[in-house]
Amino acid sequence: MNNKTESKKAIIIGCGVAGPALAIMLKRIGIESEIYEAVDCLSDFGILSLTSNAIRMLKILEMYDQVKTDDTEGAFFYKQDGKLFLTFDVRDELKKHGNETGFIIRRSQLLQALYQKAISENIPIHFGKKLVDIKESNGDITALFEDGTKIKGNFLVGCDGTFSKTRNIILPDSPSLKYTGTVWIGANAGDSIEYELQHNAFHMTFGKKAYFGSAIFSDKKTIWWTNYPCSEKQLKEEFDSVSEKQWTEKLLEIHKDDPNVLSDLIRSAANEYVKIPLYDIPHLPVWHTDSVCLIGDAAHATSPYAGQGAAMALEDVVVLTKCIRDISNLSDAFTKFEELRKDRVEQIVKMSLQNGELMKASNPIKKMFRDKMLSAILNKSIVAKLDWLFSYKVNWDEKIKL
Ligand SMILES: Cc1cc2nc3c(=O)[nH]c(=O)nc-3n(C[C@H](O)[C@H](O)[C@H](O)COP(=O)(O)OP(=O)(O)OC[C@H]3O[C@@H](n4cnc5c(N)ncnc54)[C@H](O)[C@@H]3O)c2cc1C
């Protein structure tokens, strides 16, 4: 580490996955940072599957022990009539390839762990600070927030997710987000629900009109979601005006020809439905300016069908910190970061979209093709095919060269 990095101060926008992780790693190389988060508290809903590549990053962050849960038992796929037609369990194969098997975690658990570690390292986190503008001059940065706050720093990292304001400000002409045609709608299942399937596993049902997922944690609590087909027009014109009760009716309607347990899960919802329209960015030509850089979903928003968004955000954190540590000129460090990361993340974003398209097969021929494809893809051979994904390693101690 050189004197230049020691005196720099970073402004981090967003306290999701990438933001606190980056602050922790910057601190390790002697850079102070502050995190500014738009909402008032950490998000408390969602599920993440963390694979071996994410696990390696958590180990570098020295956070693996805090977040590790029981190994995943894999995924179980059911046809519309509820019959199990495919079990996906490649734990032994992953181990043979030198990879850990991965685990399922509540998103809130990961966010809490990152938050607690950042706080324990005296990293200031400010909630209710929504970024609205950025001014760059003479190598300094001023971030402006909706409540009138102005903060100065030497560089800024946009960890503000799919709808990144940082991206809109620094790259106003960048390609816009691409809508996938699907809204992810989910909730925690109520305690009364009887759903005795394998724990620590995903259960996926290809319903008549939509693909329904659920995961059961080791404490037997269940989270469920459906992949609701929704046109862009519908999304813009009707989406926000639909009441919670109407949503229940819509979800029950869409799954009325599917196994009853799906409707039971929908009716049991223990919280308001969380609705996430799914977008991605297949390619962003540039990720940075001289003093501002994007990481995580802000740089490469992805649909969730590869289960890799958080993993990519953590990989970005480690690689960007190394670049800043080893390359004294910030703009060069950002350029190197982009060069080291872009091909990999674009490949994952593309794969995720393709997975999503396959899952939402709409007519009998496409459904037959999907079932055949899944049986052909989701077996032991996938571990070798996706070795580039799961075996990704970053050697923290190795110096990066320009
Ligand atoms: C349904 C679903 C399932 C998923 N499943 C998986 C999975 O199994 N495995 C996996 O690895 N990934 C998964 N992901 C992806 C993963 O959640 C994201 O890729 C990951 O959270 C990206 O981290 P991030 O820090 O870039 O963005 P986020 O975690 O989204 O954090 C961005 C933060 O920035 C804040 N923010 C936004 N705008 C502003 C502003 N103007 N000012 C200040 N703050 C702002 C937001 O409030 C938010 O807290 C899934 C995603 C979805 C939607």
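Residues numbered from 1 in each chain as written. Predicted model: local features only at pLDDT ≥ 70, side-chain atom pairs only at ≥ 80, totals over all residues.

This brings us to the overall build of the protein chain. If you tally the helices and strands in the protein chain, you get 16 helices and 17 strands. The principal-axis extents of the C-alpha atoms in the protein chain amount to approximately 65 × 50 × 35 Å. Pairs at least 24 residues apart make up 74% of the contacts formed inside the protein chain by residues separated by at least 6 positions. (Helix = DSSP H or I, 4+ residues; strand = E, 2+ residues; numbered from the N terminus. Contact = placed C-beta atoms within 7 Å.)

Next up on the list: the site of the ligand. For the ligand, the set of nearby residues contains 32 residues, the closest of which are Gly-14, Gly-16, Gly-161, Gly-296 and Gly-309. Only helix H2 (18–28), strand E3 (47–50), helix H11 (297–300) and helix H12 (309–326) provide two or more residues apiece to the shell around the ligand. With four residues, H12 is the largest single contributor of residues to the shell around the ligand. (Near = placed C-beta within 6 Å.)

You'll often see interface size given as the accessible area lost when the parts meet. Domain boundaries in the protein chain define domain 1 (3–65 + 102–177 + 281–359) and domain 2 (178–279). Taken over C-alpha atoms, the centre of domain 1 sits 28 Å from the centre of domain 2. The partner domain 2 presents 15 residues to the 13 residues of domain 1 that form the contact. By residue number, the principal contributor to the side of domain 1 that touches domain 2 is helix H13 (residues 330–359), which donates three residues. (Domains from an automatic or database assignment.)

Let us now look at helix H3 (residues 52–60). Among the nine residues in H3, eight count as buried, and that is most of the element. Among all positions of H3, only Ser-52, Asn-53, Ala-54, Ile-55, Arg-56, Met-57, Leu-58 and Ile-60 are buried. Structurally, H3 contributes buried residues whose contacts are with E3, helix H4 (64–67), helix H5 (91–96), H12 and helix H16 (387–390). Of the residues flanking the end of H3, it is Glu-62, one or two places downstream, whose phi is positive at about 60 degrees. (Buried ≥ 20, exposed ≤ 12 C-beta atoms within 10 Å, placed from the backbone.)

Examined bridge by bridge, strand E8 (residues 131–137) and strand E9 (residues 140–145) share six bridges and lie antiparallel to one another. For Lys-135, the partnering residue across the bridge sits in E9 and is Thr-142. Taking the residues between adjacent antiparallel strands as the criterion, E8 and E9 are bridged by two residues, where Asn-138 takes a positive phi near 45 degrees. (Pairing = 2+ DSSP bridges.)

Right, let's get into unusual backbone geometry. A negative phi holds for most residues other than glycine; trans holds for most peptide bonds. The backbone of Glu-62 sits at a positive phi, close to 60 degrees, despite the residue not being glycine. Taking the C-beta count within 10 Å as the criterion, Glu-62 has 11 such neighbours and is therefore assigned exposed.

Moving on to the pairing of strand E4 (residues 75–78). In the sheet, E4 pairs with strand E5 (residues 84–88) via four bridges, with the strands oriented antiparallel. Within E5, the position partnered with Phe-76 by the bridge is Thr-87. What sits between E4 and E5 in their antiparallel hairpin is a turn of five residues, with Gly-82 showing a positive phi close to 90 degrees.

A word on the nonpolar core. Ile-12, Ala-21, Leu-22, Ile-295, Leu-314 and Val-317 are the most contacted members of the largest nonpolar core, which has 104 residues in total. When residues in this core are grouped by element, the largest group, 11 residues, is from H12. Taken domain by domain, this core gets at least three of its residues from each of domain 1 (3–65 + 102–177 + 281–359) and domain 2 (178–279). Excluding its chain neighbours within four sequence positions, the residues that come into contact with Leu-314 are Val-17, Ala-21, Ala-54, Met-57 and Leu-58. (Core = buried A, V, L, I, M, F, W, Y, C linked by C-beta atoms within 7 Å.)

This part takes up the packing of H12 against H13. At a minimum axis distance of 8 Å, the contact between H12 and H13 shows a crossing angle of 160 degrees. Taken as axis vectors, H12 and H13 run roughly antiparallel relative to one another. Read as a crossing pair, H12 and H13 show a hand that is right-handed. Taking contact as the criterion, the partners of Met-312, Asp-316, Val-319, Leu-320, Cys-323 and Ile-324 in H12 are, on H13, Ala-333, Lys-336, Phe-337, Leu-340, Arg-341, Val-345 and Ile-348. (Axes fitted to C-alpha atoms, helices over the stretch in contact; angles between N-to-C directions. Parallel < 35°, antiparallel > 145°, perpendicular 65-115°, else oblique. Left-handed = near helix turned anticlockwise from the far one by under 90°.)

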